[in-house]
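Coordinates in review
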Amino acid sequence: MLKYFLLIILITIPLQSFSYENENKINPDEFPQSEDVLPNSKIKPEFVISGSVEKNVDMTLNNCLKLALGNNPQINAAFQDILASDARIKQIWSNYFPSITWQTSATRLRQLQLSDAFGETLEFNYFLLGQVSLQQMLYDFGVTQNQATIRRLDYEGYKKTFEATVNDVIYQTKDAYFNLQYAYEYRRVAQDTVDKFQLFYNQAKALYKMGMNPKVDVTIAETNLSNAKLKLIQAENAVNLAAAKLNNVMGLPYIQKYDISEKLQYKPTNITFTQAIDIARDSRPELKHAEIKVEGAHQTLNLTKKSFLPTISVEGQYQRGGKHWTSNYGFNIGAYLTFPTINGMLIRNEIKEARYYYDRELANARNTQNNIYLEIQNAYLTLDEKRNQLPYAIIQVKQAKENYELSFGRYKVGEGSPTELKDAQNTYEQSQLTYYSALYEYNSAKANLEKSIGKNICSDEPPVELQKD
């Protein structure tokens, strides 16, 4: 009787220890409770930048956006285009500023015609101490005005291109940030799986030594542990790749390692498709740019029609020189009406070209509007799809958790097999990854919708916790 009592104690002790360490309790900060559909968003983050000599700074999404807007080279290049375009406007207005020229020379002259007529060669030096010319354009019948208007429209176009670049960089930063958050969750799930399979292996090995389980159970547990460790290596590499992508988008590829202080959350988006279209009409920079290009083509057409118009200008000139540097001097003042070289066939076809260019920009503007409408439609429908997937993804987590607990209970009393427990654990692991993937895709789809309408969707509502049906 004492022999059987001791045997029961030996069996119970490792099982109790294993049960205490390995029961699958869900952290409410990472997974919802069984009655919830969406996760709890109350997180107490900690952040450390290794090697930093300054105060610790939370690497949040807002901080990443600030770094991206200040360091991304695409934004800097687009901003330099704006400055260059502004300088081109001033170049056009320089037509109304006077132009000054200075000329000086020394010449040796020989009059060959007089030598033939009189049989005497006349040679002398002619000096030009200085000739100053001042020219001022008075009126060119609106040509400069049209040119300045075209340059100003180019300037406005570059500003809209800058806004579009910022809009795109913001989306890329958000998507990379959410992808890094998903990579962290992937690594955490992989580490949790390794820990569980390590406990399974230790338990199987202990039971085998007591003669209660066959050797094959130890082999299966060891194989499961090796596979879990392999997935953990892949998860670690996925984190590094995701961080490298985010750093590149921020324009800081050599930034020191950091840890993010936020986890994937669900934030509701209460916006209708009609509202999205209305917002895009006022906020999407590509739409405004298309309108600017149409107006620029119209101004180019007007400018081409003025190709035959003259220019009214005045010019004054003073010079001093002669056989000696200062022997003579003179000046002249005049007003000029200067006509360009007129080629009727050339001007006629230039006007045709400008008109066709204007018609092309009208068609391009309509095409841009249609493409943006389609882009918003795709982004809105994708966001709606990902939002509807979230409740079912979390339900799968709950179901997989319950199935795992049942399998673990059967394994504890000797009715379950290691293969059954492995399948239950793998299903539970995959359900967690599916949930986090759906949450990442939802946040990415929301960022894509914000890019499509050209404006961030702000909501004062906290993360929602829906009740299970």
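**A closer look at the nonpolar core**
- Formed by 72 residues in total, the largest nonpolar core has its most connected members in Leu180, Leu246, Ile376, Tyr435, Leu449 and Ile453.
- Residue assignment for this core shows that the elements contributing at least two residues are helix 2 (61-71), helix 5 (143-209), helix 6 (215-250), helix 7 (273-283), helix 9 (344-412) and helix 10 (418-453).
- The greatest single-element share of this core, amounting to 17 residues, is contributed by helix 5.
- If sequence neighbours within four positions are ignored, Ile376 has contacts with Phe273, Ala276, Ile277, Ala280, Leu449, Ser452 and Ile453.

**Let's talk about the side chain of Lys401**
- Along the polypeptide, Lys401 turns up in helix 9.
- Its relative accessible area of 19% is what places Lys401 among the buried residues.
- Among the polar contacts listed, one links the side chain of Lys401 to the side chain of Glu405, at a separation of 2.9 Å.

**As for the environment of Lys205**
- Relative to the helices and strands, Lys205 resides in helix 5.
- Residues Lys205 and Ala221 lie 16 residues apart in sequence; the distance between their C-alpha atoms is 8.7 Å.

**Considerations on unusual backbone geometry**
- Backbone geometry places Phe141, a non-glycine residue, at a positive phi of 60°.
- Its place among the elements puts Phe141 in the loop between strand 2 (122-139) and helix 5.
- Judged by its relative accessible area of 31%, Phe141 falls in the partly exposed class.

**Digging into the pairing of strand 3 (residues 311-322)**
- Relative to strand 4 (residues 328-338), strand 3 is paired through 11 bridges, and the arrangement is antiparallel. Across the sheet, Gln317 pairs through a bridge with Asn332, a residue of strand 4.
- Connecting strand 3 to the antiparallel partner strand 4 that follows it, the hairpin turn spans five residues.

**A short note on helix 6**
- If you check helix 6, its first and last C-alpha atoms are 53 Å apart, about what 36 residues at 1.5 Å a residue would give, namely 52 Å.
- Following helix 6 by one or two positions, Gly251 has its phi on the positive side, about 80°.

**Examining the side chain of Ser452**
- Here Ser452 is to be found in helix 10.
- Separated by 2.8 Å, the side chain of Ser452 and the backbone oxygen of Asn448 make a polar contact.
- In this view, Ser452 contacts Ala280, Arg284, Ile372, Glu375, Ile376 and Ala379; residues no more than four positions away in its chain are not counted.

**Quick look at the packing of helix 3 (residues 73-93) against helix 5**
- In contact at an axis separation of 9 Å, helix 3 and helix 5 are set at 170° when each is read in the N-to-C sense. When the axes of helix 3 and helix 5 are compared, the pair comes out roughly antiparallel.
- Split by residue class, the contact of helix 3 with helix 5 holds 13 nonpolar, six polar and seven charged.

What counts and what doesn't
Residues numbered from 1 in each chain as written. Predicted model: local features only at pLDDT ≥ 70, side-chain atom pairs only at ≥ 80, totals over all residues. Heavy atoms only, no water. Core = buried A, V, L, I, M, F, W, Y, C linked by side-chain atoms within 4.5 Å. Buried < 20%, exposed > 50% of the residue type's maximum accessible area, 1.4 Å probe, protein only. Helix = DSSP H or I, 4+ residues; strand = E, 2+ residues; numbered from the N terminus. Contact = heavy atoms within 4.5 Å. Polar contact = N/O pair within 3.5 Å; in protein donor to acceptor, adjacent residues only side chain to side chain. Pairing = 2+ DSSP bridges. Expected span 1.5 Å × (residues − 1). Axes fitted to C-alpha atoms, helices over the stretch in contact; angles between N-to-C directions. Parallel < 35°, antiparallel > 145°, perpendicular 65-115°, else oblique. Nonpolar A, V, L, I, M, F, W, Y, C, P; charged D, E, K, R; others polar.

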